[in-house]
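# Understanding the architecture of this molecule
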Amino acid sequence: MLSTPRRGAPLATQVADQFRALIAAGDWPVGTRIPPEHRLTEELGVSRNTVREALSALVHLGLLEARPGDGTYVRADSELQVSLSRRVAVADPEDAFEVRALLEHHGSRRAATHATAEDVTRLRELLEQRDAFRAAGDLPAFVEADFAFHRAVVIAGGNPLLAELYQHLGPVITQTITDTAALHEDRAVHDLHHRLVDAIAAGDPAAAEACSVALVDEGRDILRGGA
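The following paragraphs examine the structure supplied in this document. Remember, predicted model here, so these are calculated numbers, not experimental data.

### Side note on the side chain of H193
Residue placement: H193 occurs in helix 10 (residues 187–202). Note on H193: relative accessible area 3%, which makes it buried. Among the polar contacts listed, one links the side chain of H193 to the side chain of D146, at a separation of 3.4 Å. Residues contacting H193, with those up to four places away along its chain left out, are L127, R130, D146, F149, H150 and L215.

Okay, structure coming up:
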């Protein structure tokens, strides 16, 4: 819900802040077209130039994308995502893999001390989905399911910033999963995923981190072997 800006502070800045809040809250989801300028102008009670200035600022930040003749679309839900995406795009794959490893190792350890019963149930459900896609030979779905599982582990750790960082590294993480995840993974890798959840459920941070380290090391070996 938009509100009329206060007089005194720069109107365009206030309007941009409201737009940013709508994006962050998911009211304007990534990939969707936002309302046209005339509607925003009417709802806010400001001039069209003020709305355009606010939109232009968010386009410059990378949160919005103006498509001539079509409208303005949400490109990202935070400036952090934009910055990380730009940096990751030019990163060395090995460096990106190492960052993924650091986040997953710490996330797994935190999950073992912070995860709720609901978190553990969710992790087991995601593992079932992952296993089902692997059995079906559906690589794209398997990759998404694998990422969803590891993301849920990090989320269960209870650190919102860590989870956000992991989420925003999604494209590079799914690429490393695609490059290293084989639908014919051996039983040891399959079991490690389940042992990771068991360690989290048991509240054993050392065991959870050990499983995460073993999984990432396996992926790194595959990545290096294919280089």
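### Focus on the packing of aromatic side chains
Under the counting rule described, the total for this entry stands at two aromatic pairs. Measuring from ring centre to ring centre gives 5.2 Å for F19 and W28, while their planes differ by 35°; the resulting arrangement is tilted. Owing to a relative accessible area of 0%, F19 belongs among the buried residues under this scheme. Here the aromatic rings of F147 and Y166 are separated by 5.6 Å at their centres, their planes lie at 10°, and the arrangement is stacked. One end of the pair, F147, is in helix 7 (residues 139–156); the other, Y166, is in helix 8 (residues 160–168), with 19 residues separating them in the sequence. Across this residue pair, the class does not change: F147 and Y166 are buried.

### Topic: the environment of E94
Turning to its location among the elements, E94 is positioned in helix 5 (residues 93–114). The exposure class assigned to E94 is partly exposed, which follows from its relative accessible area of 25%. For the pair E94 and S47, spaced 47 residues apart in the sequence, the C-alpha separation amounts to 50 Å.

### Remarks on the packing of helix 1 (residues 11–25) against helix 3 (residues 48–61)
Where helix 1 meets helix 3, the closest approach of the two axes is 8 Å, and the angle between their N-to-C directions is 55°. One finds that helix 1 runs oblique with respect to helix 3. Every pair of crossing elements has a handedness; the one defined by helix 1 and helix 3 is right-handed. From helix 1, L11, A12, V15, A16, F19, R20 and I23 reach across to helix 3, where they touch T50, V51, E53, A54, L55, L58 and L61. When its residues are assigned to classes, the contact of helix 1 with helix 3 shows eleven nonpolar, one polar and two charged.

### Some points on helix 2 (residues 37–44)
Of all the positions in helix 2, only L40, T41 and L44 are classed as buried. One side of helix 2 holds all its buried residues, which, seen down the axis, span an arc of 100°. At its buried positions, helix 2 is contacted by helix 1 and helix 3. In the stretch just after helix 2, G45 is the one whose phi turns positive, near 70°.

Each value, and the rule that gives it
- Residues numbered from 1 in each chain as written.
- Predicted model: local features only at pLDDT ≥ 70, side-chain atom pairs only at ≥ 80, totals over all residues.
- Heavy atoms only, no water.
- Helix = DSSP H or I, 4+ residues; strand = E, 2+ residues; numbered from the N terminus.
- Buried < 20%, exposed > 50% of the residue type's maximum accessible area, 1.4 Å probe, protein only.
- Polar contact = N/O pair within 3.5 Å; in protein donor to acceptor, adjacent residues only side chain to side chain.
- Contact = heavy atoms within 4.5 Å.
- Phe/Tyr/Trp six-rings, centres within 6.5 Å; stacked < 30°, edge-to-face > 60°.
- Axes fitted to C-alpha atoms, helices over the stretch in contact; angles between N-to-C directions.
- Parallel < 35°, antiparallel > 145°, perpendicular 65-115°, else oblique.
- Left-handed = near helix turned anticlockwise from the far one by under 90°.
- Nonpolar A, V, L, I, M, F, W, Y, C, P; charged D, E, K, R; others polar.
- Arc of directions from axis to C-beta.

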